[in-house]
Amino acid sequence: MKEYQGKTGLGWAETACRSLMDRYEPNFLPPKNRWHYHQGVFLCGMYDVFLQTKNKIYFDYVKEYVDKLVDEQGNFLFARGELDAIQPGLLLLPLYQETGDKRYQLAALKLRSLLKTLNRTKQGGFWHKDKYPYQMWLDGLYMAGPFAIQYGQMFREPELIDLIMHVEKLMREHTMDEKTGLYFHGYDESKEMSWATTKGHAPEIWGRALGWYSMVLVNFIELLEEGHPKKEELRVVVQQLIDRLLHYQDKETGLWYQIIDKGEREDNWLESSCSSLFVYAIAKAVNKGYISEKYFKSAKIGYEGILKHKVSLDESDGFQLHGICIGTSIGEYDYYINRETSVNDLHGVGAFILASVQIDQHDAV
């Protein structure tokens, strides 16, 4: 088993999980007592660790987070005007499968029902949030897509799968940059936002948004049933995207920049969450056979770069991931570059855990 600075990939994933478990009760993960995708991403990573280790402590921690927010009738508070609220639904579905408890199914139905009420663009895509009218963001595909596909498969609503595939196609058509082969953060159908280009898309290729998109493409391929007509199409998209991502991987550190395609600018900086998401996407695409084995070398270089340049252990061996961009809307270059960073923001730790598990799965073969 390959070790990275004295730990396997799974060892680093467990270290990250245990550090936050020691610091926070599940419902106190920041922002505390909220049904929120920050916690959802982190806990999805923890659930992956549970699947690898079969250590029930991780399952129980995930379950406790959900149980303290969802009552016995499946009621809970969540933001009803945004895609972000759907992402933690990825925790409800395995809990329902594992326990048979109907409240998880009822809660999942509430999130599924958001897709009936959220505002839509003229082409049928979802507004990212009510406060961002006519805007579609790459982020939203991860926030709602995997949950919707799994829900559709579990509860026999194949139209949900078709809907998500339609939204993905819209995102690709409206945000692809022909020059770089990458994808802009989002687009504004109305073209009324100050940042909107003449084509309506965002002006910059922001790391974490592209990271979400890279992650979700690979997950979509995995989730779609064999023979689904979109499977092969998305394989081609993933191959092309990863080829372009590697062109922008920093040769010195193995990481990626906050604004992916402008690493030559002195004020641009290397960001942890997008680097983790790209490592995840590349490693998983290799593990699943969607791309050639030769690409794993780039994932490993990226992973080792995260450990070397962004990870530290405090005096009690507590895990710390540095250089994580805080939550971010769409804006101009200076807006992204001047965003604050934080330590152990769940955006980054969750992505790191997910990447670590994929690295470990490859090394275990």
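Note that the structure is a prediction, hence the values are computed from the model and not measured. (Residues numbered from 1 in each chain as written. Predicted model: local features only at pLDDT ≥ 70, side-chain atom pairs only at ≥ 80, totals over all residues. Heavy atoms only, no water.)

A.B. asks: In this structure, what is going on with the side chain of S356? I would like to understand it.
C.D. replies: Secondary-structure assignment places S356 in helix α13 (residues 346-364). The exposure class assigned to S356 is buried, which follows from its relative accessible area of 0%. When neighbours within four sequence positions are excluded, S356 is seen to be in contact with G9, L10, W12, A13 and Y303. (Helix = DSSP H or I, 4+ residues; strand = E, 2+ residues; numbered from the N terminus. Buried < 20%, exposed > 50% of the residue type's maximum accessible area, 1.4 Å probe, protein only. Contact = heavy atoms within 4.5 Å.)

A.B. asks: Before we go on, may I ask you to explain empty space enclosed by the protein in this structure?
C.D. replies: By rolling a water-sized probe across the atoms, one finds the places where empty space is left. Scanning the model with the defined rule gives 1 cavity of 30 Å³ or more in all. Considered as a void within the structure, the largest cavity measures approximately 90 Å³ in volume. Those elements that place two or more of their residues in the lining of the largest cavity are β1 (135-137), α6 (138-154) and α7 (158-175). Considering each element in turn, the lining of the largest cavity owes the most residues, 4 residues, to α6. Grouping the amino acids of the lining of the largest cavity by side-chain chemistry returns 9 nonpolar, 3 polar and no charged. (1 Å grid on protein atoms, 1.4 Å probe; cavity = no way out; pocket = protein on both sides within 12 Å on 5 of 7 lines; lining within 4 Å. Points joined across faces, edges and corners; volume = space filled by probe spheres on them. Nonpolar A, V, L, I, M, F, W, Y, C, P; charged D, E, K, R; others polar.)

A.B. asks: What exactly am I supposed to notice about the nonpolar core here?
C.D. replies: It is characteristic of soluble globular proteins that their nonpolar side chains tend to be buried jointly. Counting 138 residues, the largest nonpolar core has W35, F42, L210, Y213 and F352 as the members making the most contacts within it. The greatest single-element share of this core, amounting to 11 residues, is contributed by helix α8 (residues 207-223). Ignoring any residue separated from it by four or fewer positions in sequence, one finds F42 in contact with C17, L20, L29, Y61, L346, V349, G350 and I353. (Core = buried A, V, L, I, M, F, W, Y, C linked by side-chain atoms within 4.5 Å.)

A.B. asks: Would you explain the environment of E72 in this entry?
C.D. replies: Looking at where E72 falls in the secondary structure, it is placed in the loop between α3 (56-67) and α4 (89-99). In the structure, E72 is positioned 289 residues away from Q361 in sequence and 37 Å away in space, judged by C-alpha atoms. A polar contact of 3.5 Å, which involves the side chain of E72, links it to the side chain of R103. (Polar contact = N/O pair within 3.5 Å; in protein donor to acceptor, adjacent residues only side chain to side chain.)

A.B. asks: It is not clear to me how the layout of surface pockets should be interpreted in this structure. Could you clarify?
C.D. replies: Computed from the structure, the largest pocket encloses a volume of approximately 630 Å³. Around the largest pocket, the lining comprises 25 residues; the ones closest to its centre are D48, L51, Q150, E222 and K284. At the level of secondary structure, the elements contributing two or more residues to the lining of the largest pocket comprise α2 (37-53), α4, α6, α8, α10 (272-287) and α13.

A.B. asks: Looking at this model, I keep getting lost on the confidence of the model for the protein chain. Mind explaining?
C.D. replies: Detailed reading of the predicted model is not advised wherever pLDDT is low. With 100% of its residues at a pLDDT of 70 or more, the protein chain has an overall mean of 97. By mean pLDDT, the top-scoring element of the protein chain is strand β3 (residues 256-257) (99), and the lowest-scoring one is strand β5 (residues 311-313) (96). (pLDDT = per-residue confidence, 0-100.)

A.B. asks: Please explain the packing of α3 against α4 as it appears in this structure.
C.D. replies: The description of two helices packed together rests on the angle between their axes and the distance between the axes. Two numbers describe how α3 lies on α4: the axes approach to 11 Å, and their chain directions differ by 110°. One element, α3, and the other, α4, form an angle in the roughly perpendicular class. By crossing handedness, the relation of α3 to α4 is classed as left-handed. Across the interface between the two elements, F59, V62, K63, Y65 and V66 from α3 touch L91, L92, L95, E98 and T99 from α4. Of the residues assigned to the contact of α3 with α4, the class counts are 7 nonpolar, 1 polar and 2 charged. (Axes fitted to C-alpha atoms, helices over the stretch in contact; angles between N-to-C directions. Parallel < 35°, antiparallel > 145°, perpendicular 65-115°, else oblique. Left-handed = near helix turned anticlockwise from the far one by under 90°.)

A.B. asks: Can you walk me through the side chain of T253 in this structure?
C.D. replies: Within the secondary structure, T253 sits in the loop between α9 (229-247) and β3. T253 gets classed as buried once you look at its relative accessible area, which sits at 11%. A polar atom in the side chain of T253 sits 2.7 Å from the side chain of D250. Of note is the side chain of T253, whose polar atom sits 3.1 Å from the backbone nitrogen of L255. Those residues in contact with T253 that sit more than four places away from it in its chain are L270, I301, G305 and H309.

A.B. asks: Whenever I open this one, the pattern of salt bridges confuses me. Can you help?
C.D. replies: Any two side chains of opposite charge can pair, so long as their charged atoms come close to each other. One pass over the structure, following the stated rule, counts 19 salt bridges. Between K68 and E25 there is a salt bridge, with its nearest N and O atoms 3.7 Å apart. Linking K68 in the loop between α3 and α4 with E25 in the loop between α1 (9-23) and α2, this pair joins segments that are 43 residues apart in sequence. With a closest N to O distance of 3.2 Å, R103 and D67 form a salt bridge. One end of the pair, R103, is in helix α5 (residues 102-117); the other, D67, is in helix α3, with 36 residues separating them in the sequence. Residue R103 is classed as buried on the basis of its relative accessible area of 7%. A single salt-bridge network, built from bridges that share partners, covers K63, D67, E72, D101 and R103. (Salt bridge = Lys/Arg side-chain N within 4 Å of Asp/Glu carboxyl O.)

A.B. asks: In this structure, what is going on with unusual backbone geometry? I would like to understand it.
C.D. replies: Only a minority of non-glycine residues have a phi that is not negative, and only a minority of peptide bonds are not trans. A cis amide bond, omega -5°, links P30 with the succeeding residue P31. As for its position among the elements, P31 is in the loop between α1 and α2. The phi dihedral of Q5 is positive, around 55°, even though this residue is not glycine. Along the chain, the position of Q5 falls in the segment before α1. The exposed category is assigned to Q5, whose relative accessible area is 53%.

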